[in-house]
Amino acid sequence: MESATYTQSSRLQAAGLLPAVALFERAAHQVPLPRPPQPVVVADYGAATGHNSLKPMAAALQALRSRTRHDHPILVTHTDVPENDFTALFCTLSDDPDSYLNHDPATFTSAVGRSFYDQILPTGAVNLGWTSWAIQWLSRVPADAPEFTDHVQVAYSTNAAARKAYEHQSAIDWHHFVAFRGRELSPGGQLVVLTMALDDDGEFGYRALNEALMTALHALADRGLVRREEVHRMVIPVIARTEKDFRAPFAPRGWFEGLTIDHLELFGAEDRFWTRYESDSDADAFGAQWAAFARAALFPTLTAGLDGGIEDPRAKDFVGELEASVAERLARAPEPMRIPLAAIVLAKRDSR
């Protein structure tokens, strides 16, 4: 993944952070804290390059510092899959002027390269947890999913059997994610989750972007840059969940692995690119910004569908031409994207 592009495009994702950051800050004021010298442990699940972690971590650390001595150590542990660009992550934490490391010498940082669909931190070690824009990514493409060739995003596929297989994998992943966080959180600890959701009417969102993406892929196939079989292999394993999906592991008692849902809110995030377009009427910039977002967030997964994967000799041209085509198509008829999100607070039973 191109870290600079990812960091730039993640500013769109930051638009949905504010409601969840307020919940995270509130949790930091509430969770029980260990006595020194045991550190306060804050976990960031699915950190990517760290850009979307800066604002929530700064808010939480300020709240925690209001409750602790200035020399009480705080350990922030960022986690992501092994193939994540951890160099970019540590550069963000080291060089970004908004980094929490610039303001508190008693705050330390570390990283774990492992999927959060497993246990990755010691049992009972985490006082406060955060994850944003991460758990919509499935742990794997469902092995038993029928092939669907009409769309890269299963939410827009007409293959009902494929959608069912993805929903089943989504339920398993959410169950595992919650179960392992239940083990890792200390008594009284809280985890704040921001992720993609389905609207009350079942809308996945990003419809214009997805339509532009599919039209562009077919155009590249018509020109011979990619083969139809390669396009058919291009699947984005991202899922959005309903409120019922989020609550499922906790039924019927309302508890699961010592956790309960303290807060669950579904809302629509602002499309910042559209807001800018409304002020400057620059359709080309609108298309380019959304295409850059897609390039960073989705194109690495699509490129893996080429015969040679991300190392395919055509990969650079494929990415560049796909971005230009998506940008041009979105610029023709700008419209705001629906961005349905969920903000959730999971709380661990306090044994005191």
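Calculation rules
Residues numbered from 1 in each chain as written. Predicted model: local features only at pLDDT ≥ 70, side-chain atom pairs only at ≥ 80, totals over all residues. Heavy atoms only, no water. Helix = DSSP H or I, 4+ residues; strand = E, 2+ residues; numbered from the N terminus. Rg over C-alpha atoms; globule rule 2.2 N^0.38 Å. Buried < 20%, exposed > 50% of the residue type's maximum accessible area, 1.4 Å probe, protein only. Areas by Shrake-Rupley, 256 points an atom, 1.4 Å probe, with all protein chains shown as cover. Domains from an automatic or database assignment. Contact = heavy atoms within 4.5 Å. Axes fitted to C-alpha atoms, helices over the stretch in contact; angles between N-to-C directions. Parallel < 35°, antiparallel > 145°, perpendicular 65-115°, else oblique. Left-handed = near helix turned anticlockwise from the far one by under 90°. Nonpolar A, V, L, I, M, F, W, Y, C, P; charged D, E, K, R; others polar. Expected span 1.5 Å × (residues − 1). Polar contact = N/O pair within 3.5 Å; in protein donor to acceptor, adjacent residues only side chain to side chain. Phe/Tyr/Trp six-rings, centres within 6.5 Å; stacked < 30°, edge-to-face > 60°. Lys NZ or Arg CZ within 6 Å of the ring centre and 35° of its normal. Pairing = 2+ DSSP bridges.

Q: Tell me about the overall build of the chain, residues and numbers included.
A: Each helix and strand in the chain was counted, giving 12 helices and seven strands. Computed over its C-alpha atoms, the radius of gyration of the chain comes to 21 Å, within 12% of the 20 Å expected for a compact globule of 352 residues. With respect to the three principal axes, the spread of C-alpha positions in the chain is 65 × 45 × 40 Å. Looking at the chain as a whole, 56% of its 352 residues qualify as buried. For the chain, the exposed area adds up to about 15,500 Å²; of that, 51% sits on carbon and sulfur atoms.

Q: Give me the domain arrangement of the chain: which residues, what numbers.
A: Its domain assignment divides the chain into domain 1 (3–139 + 166–199 + 240–270 + 338–348) and domain 2 (206–235 + 272–336). Here the C-alpha centroids of domain 1 and domain 2 sit 29 Å apart.

Q: I'd love a proper account of the side chain of Glu323, names of residues and values included.
A: As for its position among the elements, Glu323 is in helix α12 (residues 315–332). According to the relative accessible area criterion, Glu323 is buried, its value standing at 18%. Leaving out residues up to four positions away in the same chain, Glu323 has contacts with Ala291, Ala292, Arg295 and Phe299.

Q: So, the packing of helix α6 (residues 207–223) against α12: which residues are in play, and what are the values?
A: Closest axis-to-axis distance for the α6/α12 pair is 9 Å, and the angle between their directions is 130°. Looking at the two axes, α6 sits oblique to α12. For the pair α6 and α12, the crossing hand works out as right-handed. Counting all contacts with α6, which are made through Ala208, Leu209, Ala212, Leu213, Thr215, Ala216, Leu217, Ala219, Leu220 and Arg223, the residues of α12 involved are Phe318, Glu321, Leu322, Ser325, Val326, Arg329 and Leu330. Residues that form the contact of α6 with α12 fall into these classes: 12 nonpolar, two polar and three charged.

Q: Help me get a handle on helix α5 (residues 160–184), residues and values and all.
A: A rise of 1.5 Å per residue sets the reference length of α5, with its 25 residues, at 36 Å; its end C-alpha atoms lie 36 Å apart and thus fit the reference within 8%. Of the residues that open α5, the one with a side-chain oxygen 3.1 Å from the backbone nitrogen of Ala161 is Asn159.

Q: Please set out the packing of aromatic side chains residue by residue, giving values where relevant.
A: According to the stated counting rule, one finds 15 aromatic pairs in the structure shown. Arranged with centres 5.4 Å apart and planes meeting at 80°, the rings of Trp174 and Phe246 form a pair that is edge-to-face. One end of the pair, Trp174, is in helix α5; the other, Phe246, is in helix α8 (residues 243–247), with 72 residues separating them in the sequence. Using a relative accessible area of 0% as the deciding quantity, one classes Phe246 as buried. Each residue in the set Tyr45, Phe116, Tyr117, Trp174, Phe177 and Phe246 is aromatic and connected to the rest through ring pairs, giving one cluster. Stacked on the ring of Tyr45, the Lys or Arg Arg181 has its end atom at 4.6 Å from the ring centre. Just above the ring of Phe177 sits the side chain of Arg181; from NZ or CZ to the centre is 5.0 Å.

Q: Give a detailed account of the environment of Ser157, specifying residues and quantitative values.
A: Here Ser157 is to be found in the loop between β4 (126–132) and α5. In this structure Ser157 comes out as buried when scored by relative accessible area, which is 4%. Within the structure, Ser157 has its side chain in polar contact with the side chain of Asp150 (distance 2.9 Å). A polar contact is formed between the side chain of Ser157 and the backbone nitrogen of Asn159, at a distance of 3.0 Å.

Q: Quick rundown of the sheet that holds strand β7 (residues 340–348)? Include the residues and the values.
A: The strand order across the open sheet built from seven strands is β3-β2-β1-β4-β5-β7-β6, with neighbouring strands paired in mixed fashion. With one partner strand each, in any of the chains shown, β3 (107–113) and β6 (259–268) form the two edges of the open sheet. Going from strand to strand, the sheet's axes swing by 15° on average, the running direction of each strand aside. Docked against the sheet, helix α2 (residues 17–30) engages β1 (40–45), β4, β5 (185–196), β6 and β7, running at close to 180° with respect to β4. Where helix α4 (residues 86–95) meets the sheet, it contacts β2 (74–80) and β3, and its direction lies at approximately 170° from that of β3.

Q: Mind laying out unusual backbone geometry, listing which residues take part and the relevant values?
A: A cis amide bond links Pro36 to the next residue, Pro37, at an omega of 5°. Positionally, Pro37 belongs in the loop between α2 and β1. In this chain, Ala251 is followed by Pro252 through a cis amide linkage whose omega measures 5°. Its location among the elements puts Pro252 in the loop between α8 and β6. Backbone geometry at Tyr206 places phi at a positive 55°, although glycine is not the residue there. Within the element layout of this structure, Tyr206 appears in the loop between β5 and α6.

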